[in-house]
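Structural description and commentary
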Amino acid sequence: MRLPLSGIGASRGMVLGRARLEQPSRYLIDERPLDETAIDAELERLRLAIEAAREELETLRSRLQGAMAREAAEFLDAHALMLADRELTAGIYELIRTGRHRASAAVKLQRDRLVAVFEQMDDPYLRGRKEDIDHVLSRVQANLARESSAEERRLAARVGEILVSDTVAPSELVPLAEHGALGVVLTSGSAVSHSAILARSLRLPMIVAAHDALASIQDDDLILMDGESGEAVVHPTAQDLARYRSWQRETAHQAKRLALLRDTDTRTRDGVAIALHANAESPADVAQARNLGAVGIGLYRTEFLFLQRHEIPDEDEQFLAYRDLVLGMQGRPVTIRTLDLGADKGDASGLALDAEENPALGVRGVRLSLRRPQLLVTQLRAILRASAYGPVRILVPMVSAAEEMASVRRLLGESARDLRTAGYEIAENLELGAMIEVPAAAIALAGMVHLVDFVAIGTNDLVQYTLAVDRNNDQLAHLYDPLHPAVLKLIAQIIQVAGRHGLRVTLCGEMAGDRRYTALLLALGLTDFSMHPGQLLEIRETINGLDRAALRGHAPALLRAPTRERISRVLRRLGIGI
Amino acid sequence: MLERDITITNRLGLHARASAKLVQALHEFQSSATIVCRGKEVNAKSIMGVMMLAAGLGTPLTLRTDGVDEEAAMQAMVELFERKFDEGA
């Protein structure tokens with residue numbers, strides 16, 4: 001019988017697959033007492049299972065890369081330490097040795113014992129950490145349950161499956177996707193959890209908070225899930241399947257259409273060339289950007305060079321990273337942003353940042369760079385040296401006043417002179433730009449145009465600072481809205497002032513890669529977009545279908561609209577639902 | 001033997017990742033390290049021990065180190081608490 005379920009869409013995509021239920025208690029627990037002669041063998045089985053679980057964690061850790069790597073690695077480290085901790089494992093060995101329990105039963109008893117302690121905790125966050133116990137011990141259980149060749153069978157069995165569980169660890173998602181799982185339905189979780197973010201970057205459809213899923217789905221039930229709407233159907237009907245097939249056709253067409261756009265220009269219907277750049281932080285991003293026809297790297301984040309380590313990368317190390325980036329883009333321009341760290345993400349960076357009451361308004365970006373000129377000079381020298389290998393621009397984050405750009409420009413000039421004196425080959429007149437993400441800089445932009453060669457708009461922070469809404473605060477998510485009239489006015493003003501002084505403007509926040517905002521940004525006069533490489537083709541397709549001159553004609557109406565609702569209404573009249 | 005009183009100031013308290021950082025930081029020292037919390041005493045080099053303290057924001061703790069490099073071990077522990085485990089919260 002058809003059974004609809006609903007949760008929250010966390011990672012888009014529609015898939016049809018067989019359900020595979022997974023929960024900590026799903027492993028077969030053998031409760032029969034152990035024969036005395038079998039104790040040693042059982043202890044050895046447990047030791048091997050724990051060892052195998054640790055190796056799995058290590059393998060997972062070594063394969064991590066990209067934006068989520070650092071956080072996922074911290075979880076994996078914690079889990080590996082737990083497995084190595086005698087306070088966790090000694091009790092299990094003891095249950096086998098003196099309690100005559102089989103290994104699986106001993107692991108379960110230890111789990112129940114520890115979870116009971118966590119459940120007594122007052123602090124809701126710490127109480128929730130019993131999840132860590134479950135993740136770790138179910139990994140051991142999985143290894144106990146596995147016969148010699150069962151590994152491959154278990155993995156093969158993933159093909160065509162939709163995982164249904166209460167929760168899934170970020171570290172489990174990568175192997176799930178690699179082994180052919182189609183999607184994930186969880187009874188708990190949120191769309192902003194680590195797992196959800198990772199699922200989106202893996203393009204693995206996910207529904208969270210589908211509370212009834214475990215209770216109403218059985219192993220091998222056929223499920224149709226839609227990770228965009230958050231709806232799932234157990235035992236789909238012919239009608240559901242028809243809907244799925246039409247979705248598949250549409251997606252296949254879209255993929256084909258987009259693939260054709262790889263090597264084409266980005267041009268509006270009325271013939272205006274639009275430049276699509278890519279944001280990048282890893283070698284994989286750079287390769288993807290080049291393959292999908294980005295005109296350049298519009299924003300290269302240098303933070304990853306500084307994170308997850310205890311010393312500051314020296315000039316040579318930075319130079320090699322920047323040079324490889326420039327070589328990787330084969331002559332297409334690369335915009336390198338100087339260090340954009342603050343107290344909120346200064347983890348283990350070797351920078352020893354002081355904790356701050358309010359890191360979003362604290363010593364971050366150019367403020368940090370100017371307080372530690374040596375740090376900035378090292379970075380500027382490394383970038384200047386890389387400029388011998390291809391076109392490079394430098395972008396300065398978190399600028400709020402002209403004086404800051406004057407200081408950076410002075411240090412850049414001195415660094416270039418020193419390098420030339422020392423005999424280094426470097427490019428003439430490297431372009432220096434300001435990232436406009438603080439409202440003060442947007443409002444007073446005319447006062448710094450003589451100090452910059454180009455401008456980049458960072459909408460993520462511009463929205464947060466203009467609206468005074470912390471973008472990580474779930475409670476305020478509804479207020480974090482790029483369609484606020486104040487945000488549109490600032491963006492329009494930046495584009496206008498920069499244009500009047502002959503400066504190019506790139507927009508590189510989330511807005512740039514979200515097709516719902518493309519027409520709006522064209523209307524406001526934007527011609528340079530920079531986005532995650534995965535979004536390039538979709539945005540190119542969107543732009544190719546729009547008429548810029550006609551959109552420009554609606555700019556006054558958009559900027560006059562006094563509320564979000566009225567802005568949406570103007571956009572709807574242009575055929576854009578938002 | 002050294003002893004220091006300290007209060008937890010990171011928002012999430014001694015959860016798994018913070019505990020892991022503490023255990024990893026102490027790994028290189030020979031001295032024993034202990035945390036005393038509400039009369040409970042645990043080995044600070046054991047992630048399970050530290051997690052089971054259920055020490056959240058604002059919990060007062062006593063840190064104790066004992067051994068040849070007790071000073072350096074204490075300093076490493078105190079720094080980590082003062083840096084709020086690099087969580088910036």
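Residues numbered from 1 in each chain as written. Chains lettered and ligands numbered in written order. Predicted model: local features only at pLDDT ≥ 70, side-chain atom pairs only at ≥ 80, totals over all residues.

1. Considerations on the overall build of chain B
Helix and strand counts for chain B stand at three helices and four strands. For chain B, the succession of helices and strands along the chain, N to C, is β-α-β-β-α-β-α. Scored against the burial criterion, the 89 residues of chain B give a buried share of 45%. Taking all contacts inside chain B whose residues are at least 6 apart in sequence as the whole, residues at least 24 apart take part in 74%. (Helix = DSSP H or I, 4+ residues; strand = E, 2+ residues; numbered from the N terminus. Buried ≥ 20, exposed ≤ 12 C-beta atoms within 10 Å, placed from the backbone. Contact = placed C-beta atoms within 7 Å.)

2. Focus: the overall build of chain A
Broken down by element type, chain A carries 24 helices and 16 strands. Across the 578 residues that make up chain A, the buried fraction comes to 42%. Long-range pairs, those at least 24 residues apart, make up 69% of the contacts in chain A between residues at least 6 apart in sequence.

3. A word on the sheet that holds strand 16 (residues 528–531) of chain A
All names here are of chain A. Reading around the barrel, the eight strands line up as 9-10-11-12-13-14-15-16 and close back on themselves, with parallel pairing between neighbours. The mean inter-strand angle of the sheet, taken between neighbouring strand axes irrespective of direction, is 25 degrees. Bridge analysis of strand 10 (residues 297–301) against strand 11 (residues 334–337) gives three bridges, and the strand direction is parallel. Of the residues in strand 11, the one forming a bridge with Y300 is I336. Its contacts with the sheet place helix 21 (residues 536–544) against strand 9 (275–280) and strand 16, and it is angled at close to 160 degrees to strand 9. (Pairing = 2+ DSSP bridges. Axes fitted to C-alpha atoms, helices over the stretch in contact; angles between N-to-C directions.)

4. As for the pairing of strand 16 of chain A
Residues and elements named next belong to chain A. Because side chains alternate across strand 16, one face comprises the buried residues D528 and S530, and the other comprises F529 and M531, equally buried. Alignment of strand 9 against strand 16, held across four bridges, turns out to be parallel. Among the inter-strand pairings, L276 is bridged to a residue of strand 16, identified as F529. As defined by bridge partners, strand 15 (residues 504–507) adjoins strand 16 across two bridges and the pair is classed as parallel. For L507, the partnering residue across the bridge sits in strand 16 and is F529. Handedness of the crossover joining strand 15 and strand 16 through helix 20 (residues 518–523) is recorded here as right-handed. (Right-handed = clockwise from strand over helix to strand, strands pointing away.)

5. Considerations on the sheet that holds strand 8 (residues 231–234) of chain A
Residues and elements named next belong to chain A. One open sheet accounts for eight strands, arranged 1-8-7-3-4-5-6-2; its pairing is mixed. Every interior strand has two partners, whereas the edge strands, strand 1 (3–6) and strand 2 (8–11), have only one. The mean inter-strand angle of the sheet, taken between neighbouring strand axes irrespective of direction, is 30 degrees. Here strand 1 pairs with strand 8 via four bridges, running antiparallel. Along strand 8, the bridge assignment pairs L5 with A232.

6. Re the packing of helix 1 (residues 39–63) of chain A against helix 6 (residues 130–145) of chain A
When two helices pack together, their arrangement is given by the angle between their axes and by how far apart the axes lie. Residue and element names in this part refer to chain A. With their axes 8 Å apart at the nearest point, helix 1 and helix 6 run at an angle of 120 degrees to one another. With respect to their mutual orientation, helix 1 and helix 6 come out oblique. The way helix 1 lies across helix 6 gives a crossing that is right-handed. Residues R45, A49, I50, A52, A53 and E56 of helix 1 touch helix 6, and the partners they reach there are R139, V140, N143 and L144. Tallied by class, residues from the contact of helix 1 with helix 6 come to six nonpolar, one polar and three charged. (Parallel < 35°, antiparallel > 145°, perpendicular 65-115°, else oblique. Left-handed = near helix turned anticlockwise from the far one by under 90°. Nonpolar A, V, L, I, M, F, W, Y, C, P; charged D, E, K, R; others polar.)

7. A few points about helix 11 (residues 238–260) of chain A
An ideal rise of 1.5 Å per residue puts 33 Å on 23 residues; helix 11 of chain A measures up with 33 Å between its terminal C-alpha atoms. Helix 11 of chain A sits mainly on the outside: zero of its 23 residues count as buried. (Expected span 1.5 Å × (residues − 1).)

8. Observations concerning the interface of chain B and chain A
Opposite the 20 residues of chain B that make contact, chain A presents 24 residues. Mapped onto the side of chain B that touches chain A, the elements with two or more residues apiece are helix 1 (16–26) and helix 2 (47–52) of chain B. Tallied by class, the residues present in the side of chain B that touches chain A amount to nine nonpolar, seven polar and four charged.

9. Points about the nonpolar core
Residues and elements named next belong to chain A. Membership of the largest hydrophobic core comes to 89 residues, with the highest contact counts inside it found for V185 and A232. Top element by residues in this core is helix 2 (residues 69–84). It accounts for seven residues. Once you skip the residues sitting within four places of it in the chain, A232 turns out to touch L5, V185, I207, A210, I223, L224 and M225. If you look at the next biggest cluster of nonpolar residues, it comprises 85 residues, including I274, L445, I494 and L558. (Core = buried A, V, L, I, M, F, W, Y, C linked by C-beta atoms within 7 Å.)

10. A look at the environment of L63(B)
Residue and element names in this part refer to chain B. Within the secondary structure layout, L63 lies in strand 4 (residues 60–66). Of the residues examined, L63 has 19 C-beta atoms within 10 Å and is grouped as partly exposed. It is 6.5 Å that separates the C-alpha atoms of L63 and V36, two residues lying 27 residues apart in sequence. Excluding anything up to four places from it in sequence, L63 contacts R4, I6, I35, M74, M77 and V78.

11. Details of unusual backbone geometry
All names here are of chain A. If you check the backbone angles, H235 has positive phi at about 50 degrees while not being a glycine. Within the element layout of this structure, H235 appears in the loop between strand 8 and helix 11. Taking the C-beta count within 10 Å as the criterion, H235 has 14 such neighbours and is therefore assigned partly exposed. Residues other than glycine seldom take positive phi values, yet A468 does so here, at roughly 55 degrees. The topology assignment puts A468 in the loop between helix 18 (459–467) and helix 19 (485–500). Taking the number of C-beta atoms within 10 Å as the measure of exposure, A468 has 9 and is therefore exposed.

12. Concerning the confidence of the model for chain A
With 93% of its residues at a pLDDT of at least 70, chain A reaches an overall mean of 88. The low-confidence segment residues 147–156 of chain A, where pLDDT is below 50, has three contacts with residues more than four positions distant or belonging to other chains. (pLDDT = per-residue confidence, 0-100.)

13. Things to note about the pairing of strand 11 of chain A
Residues and elements named next belong to chain A. Neither face of strand 11 is left uncovered, since the one carrying V334 and I336 and the one carrying T335 and R337 both have all their residues buried. Sheet topology places strand 11 next to strand 12 (residues 392–396); four bridges connect them, and they run parallel. Bridge assignment links R337 to a residue of strand 12, and that residue is L395.

14. Examining the environment of R552(A)
Residues and elements named next belong to chain A. Within the secondary structure layout, R552 lies in helix 22 (residues 548–553). C-beta crowding within 10 Å serves as the criterion here: with 15 such atoms nearby, R552 is assigned to the partly exposed category. As a C-alpha pair, R552 and A519 span 33 residues in sequence and 9.4 Å in three-dimensional space.

15. Let's talk about helix 21 of chain A
Residues and elements named next belong to chain A. Of the positions making up helix 21, those classed as buried are L536, L537, I539, R540 and I543. For helix 21, the angular spread of the buried residues around the axis is 165 degrees, confining them to a single face. Where the residues of helix 21 are buried, they touch helix 11, strand 9, helix 20 and strand 16. (Arc of directions from axis to C-beta.)

16. Description of the packing of helix 18 of chain A against helix 19 of chain A
Residues and elements named next belong to chain A. Look at helix 18 against helix 19: their axes get within 10 Å of each other, and the N-to-C directions meet at 125 degrees. Taken together, helix 18 and helix 19 sit at an angle that is classed as oblique. Relative to helix 19, the crossing made by helix 18 is right-handed. Counting all contacts with helix 18, which are made through L462, V463 and T466, the residues of helix 19 involved are A486, V487 and L490. Looking at side-chain class alone, the contact of helix 18 with helix 19 contains five nonpolar, one polar and no charged residues.

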